[in-house]
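Each chain, letter by letter, is given below.
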Amino acid sequence: MGKKLVEDKSNVLPGDVLAEGDYLSGRGTYKEDGKVKSRVLGVARTDKSKISVIPLTGGYIPKEGDKVVGKVSGIGPSHWWIELDSPYDGYLSLAEGSDEFIDLDETDLSDVYDIGEIIYTEVIKVTSEKDVKLSMQDRICKKLSGGRIVRISPSKVPRLIGKGGSMVEMIKDKTGSRIIIGQNGIVWVSGGEEDLALEAIKTVDKKGHGDGLTEKVEKILNRR
Amino acid sequence: MSKDKKLLKDGKRIDGRGIGDLREMEAEAGIFKRADGSGYFRMGGTEAVAAVFGPRELHPKHRQKPKRGILQCRYNLTPFSVEDRKRPGPSRRGKEIGKVSEGALSSTVFLEEFPTATIDVYMEVISADAGTRCVALNAASIALADAGVPMRGLISACAAGKIEDTPVLDLKGEEDKDGQVDLPIAMNVDTDEITLLQMDGMTDTEEMDEMLELAIKGCKKVAEKQREALMKTFEDSR
């Protein structure tokens, strides 16, 4: 068995040695010379046999299975390009884009999704060259009209969702807003008390790594 | 040396430092709001800021690499950083230092995870008093970590040199100008890998070893300062 060198929840920097020996290298870490080291600035999470690091900041890199919020940035002969706030744009083909049959001679693709429109979509494939394929086949994927967009750090998305969705449910409950969170850190808020919901979301983004986050957000929501 | 001795007196240097002492250091992370990551570093009278953007899409497209990302560095001396105003714009020296900085930093970044993308590092020297490339690299390394870029470790840089036939650490302006050797290095202090080593002047292997040893010690102290600055960013997110 290996030796753990950091406590759970301790702050680490890139290159810090987290464990030696048999420990498994989880997300945010890498293995070198039998040592597990951190690769990002973040908070270490230790398990019985595995160590990972939750990054404090960082951009979004698409991953298969992620549900993301994106903006239509281009239309091709039979596909759309979707901007995901990442170095890699998403490719949404005609077949994946709609359940209904679309006759390309009859319909203009911009009637389905026009440039500038916001959609909630799923990443279904990422190749090694980082070509990203999207799909709207899942039933919760849809076009998002109206509402407001706020960007948060992708590393804070799990905190905004909370355990079993507790955080976002609380915000929805108190503000009456509809909220959709993309794994890429783009959040769509519509209806209810939007300002209050946005303030709560921004608080999660700013204070997302501290203790007692739920209380802080609750305080904001109860303030009015 | 034909010149009268003035840089070293009884083991003390013109600013009162011993031969193995660094100048006073200051470091900060996250100084710019609009950049993905940023850093500031000061060593005595040399100050630099750095901003990191990316990973982001690389243009022009023909420069994209299908299997890995690239790292692009810009090093710039601001016109007001030196005594006689520097003419703004790219210079031969600036481009060269940008190029070697790319080499110094890209070995520590997991670039293979960002095919076709780029990570852009902009380093601006706002006050120059020798050792600008080292200070700029220290700021850039803080900025990279602050941006959440996955890295093997931090890069710390520091120069050693020779004045009046004595190896010393971290030259300041006058020592650089009238000294015999300037030897800037950059390294990952955790793994002891040197990622930048340049030298200007004449020396022999014995002195070279001495200077290298001094510089490596200096880098370790720099790394502590960088660490301190980055640890402070955790407090802001609580």
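Residues numbered from 1 in each chain as written. Chains lettered and ligands numbered in written order. Predicted model: local features only at pLDDT ≥ 70, side-chain atom pairs only at ≥ 80, totals over all residues.

Draft legend 1. The arrangement of the overall build of chain B in detail. Check the secondary structure of chain B and you find 4 helices and 12 strands. Taking 2.2 N^0.38 as the reference for a compact globule, 238 residues should give roughly 18 Å; the C-alpha atoms of chain B span a radius of gyration of 18 Å, in line with that estimate. Along the first, second and third principal axes, the C-alpha set of chain B runs to 55 × 40 × 35 Å. Going through the 238 residues of chain B one by one, you find that 49% of them count as buried. Across chain B, every contact between residues at least 6 apart in sequence was considered, and the portion connecting residues at least 24 apart equals 71%. (Helix = DSSP H or I, 4+ residues; strand = E, 2+ residues; numbered from the N terminus. Rg over C-alpha atoms; globule rule 2.2 N^0.38 Å. Buried ≥ 20, exposed ≤ 12 C-beta atoms within 10 Å, placed from the backbone. Contact = placed C-beta atoms within 7 Å.)

Draft legend 2. Inspection of the sheet that holds strand 4 (residues 37-43) of chain B at higher detail. All names here are of chain B. An order of 3-4-5-7-6 is seen for the 5 strands of this open sheet, with the pairing classed as mixed. A strand with exactly one partner marks an edge of an open sheet, and here the two such strands are strand 3 (25-29) and strand 6 (70-77). Recorded for the sheet is a direction-independent mean angle of 15° between the axes of neighbouring strands. Direction of pairing for strand 4 relative to strand 5 (residues 46-57): antiparallel, over a ladder of 7 bridges. Each bridged residue has a counterpart across the sheet, and for M43 the counterpart in strand 5 is T46. Its contacts with the sheet put helix 2 (residues 132-146) on strand 3, strand 4, strand 5, strand 6 and strand 7 (117-127), and the angle it makes with strand 4 is roughly 150°. (Pairing = 2+ DSSP bridges. Axes fitted to C-alpha atoms, helices over the stretch in contact; angles between N-to-C directions.)

Draft legend 3. Summary view of the pairing of strand 5 of chain B. Residue and element names in this part refer to chain B. By the criterion of burial, strand 5 is predominantly enclosed, with 9 of the 12 residues buried. Taking the residues between adjacent antiparallel strands as the criterion, strand 4 and strand 5 are bridged by 2 residues, where G44 takes a positive phi near 60°. Both strand 5 and strand 7 contribute to a ladder of 9 bridges, which runs antiparallel. Looking across to strand 7, one finds that A51 is bridged to Y122.

Draft legend 4. View of helix 1 (residues 92-106) of chain B. Residue and element names in this part refer to chain B. Taking 1.5 Å per residue as the helical rise, helix 1 with its 15 residues ought to reach 21 Å, and the 21 Å between its terminal C-alpha atoms agrees with that figure. Where helix 1 is concerned, the buried positions are I97, G98, S101, A104 and L105. Across the axial projection of helix 1, the buried residues extend over an arc of 125°, all falling on one side. In helix 1, those exposed residues whose orientation departs by more than 90 degrees from the buried face are R92 and K95. (Expected span 1.5 Å × (residues − 1). Arc of directions from axis to C-beta.)

Draft legend 5. Structural detail: helix 3 (residues 166-175) of chain A. Residues and elements named next belong to chain A. Burial in helix 3 covers these residues: M167, I171 and T175. Looking straight down helix 3, one finds that the buried residues subtend no more than 45° of arc, so they occupy a single side. Structural note: helix 3 exposes S166 and D173 on the side pointing more than 90 degrees away from its buried face. Contacts made by the buried residues of helix 3 are with helix 2 (157-161), strand 16 (178-181), helix 4 (194-207) and helix 5 (213-222). A positive phi of about 70° marks G176, the residue just after helix 3.

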